[in-house]
Amino acid sequence: MKDILKRDFYLQDGLTVAKALLGKVLIREKDGQQYAFKIVETEAYMGVEDKGAHVYGGKPTTRTKPLFGIGGRTYVYLIYGMYNCLNIAANEEGTPHCVLIRAVEPLDEVSTVYSQSNRPIKSKKLQDLTNGPGKLCKALEIDRGLNEVDVTQVGPLYIIDGEVPDQIIADKRINIDYAEEYKDKAWRFYIAQNSYVSVLKK
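Okay, so let's go over this structure. (Residues numbered from 1 in each chain as written. Predicted model: local features only at pLDDT ≥ 70, side-chain atom pairs only at ≥ 80, totals over all residues. Heavy atoms only, no water.)

## A few points about the environment of R73
And then number 1: One can find R73 in the loop between β2 (33-46) and β3 (74-79).
And then number 2: We classify R73 as partly exposed; its relative accessible area is 31%.
And then number 3: Once the C-alpha coordinates of R73 and L157 are considered, the two residues, 84 residues apart in sequence, prove to be 9.8 Å apart.
And then number 4: Discounting residues that sit within four places of it in the chain, R73 has contacts with N87, I88, A89, E148, V149 and D150. (Helix = DSSP H or I, 4+ residues; strand = E, 2+ residues; numbered from the N terminus. Buried < 20%, exposed > 50% of the residue type's maximum accessible area, 1.4 Å probe, protein only. Contact = heavy atoms within 4.5 Å.)

## Quick word on the pattern of salt bridges
For side chains bearing opposite charge, pairing can occur when the charged atoms are close.
And then number 1: Counted by the stated rule, this structure contains 14 salt bridges.
And then number 2: The partner of R7 in a salt bridge is D150, with the nearest N and O atoms 2.7 Å apart. Residue R7 is located in helix α1 (residues 7-10), and its partner D150 is located in the loop between α4 (133-139) and β6 (157-160); the two are separated by 143 residues in the primary sequence.
And then number 3: D150 sits in the buried class, given a relative accessible area of 11%.
And then number 4: Note that D50 is salt-bridged to R173, the shortest N-O span being 2.7 Å. Within this pair, whereas D50 is found in the loop between β2 and β3, its partner R173 is found in the loop between β7 (168-171) and β8 (188-191), the two being separated by 123 residues in sequence.
And then number 5: Counted as one network, the salt bridges with shared partners bring together E41, E43, R102, D171 and R188. (Salt bridge = Lys/Arg side-chain N within 4 Å of Asp/Glu carboxyl O.)

Laid out in structure tokens, this is it:
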């Protein structure tokens, strides 16, 4: 197995971490088994001035507390009262940047079967298992019980090194029309030509 990404990796700004996470491998450990997923799409959220971020305005809440801690911990939240979303806190303590993991690709048959068992779908396209933030959380059994997990250590969720993508595409973030001028920031990143990406650039 490749090395776990160390703390220093996450102590960079959210844009840097969002791009650098592409090609890295998210490990979901459950009942002594490791399942491996390549990170193929991310979104950066850039702290208290970012009108698309939960921390916009700068006041910590019980919900957003993990983002104000040191980079390298998870922030899992619920959207639409139904779907969990996995984020990784970035930057130094007190600077609440984060990266939303938008899509992942299972790296072996064991990981694919695990995803299918948690998220049975009618589609014959394997990509539909994990090509969205809510989808991948369902497929990987990620819920708010995994909030504030330190991904720099072996545990239920951690991230190891992977291959650097040949080409990265930057585009607008998804479903943040409320963010005014920040809705058009090209702060979503994905691996070019990867079929697991949720939304391709038009």
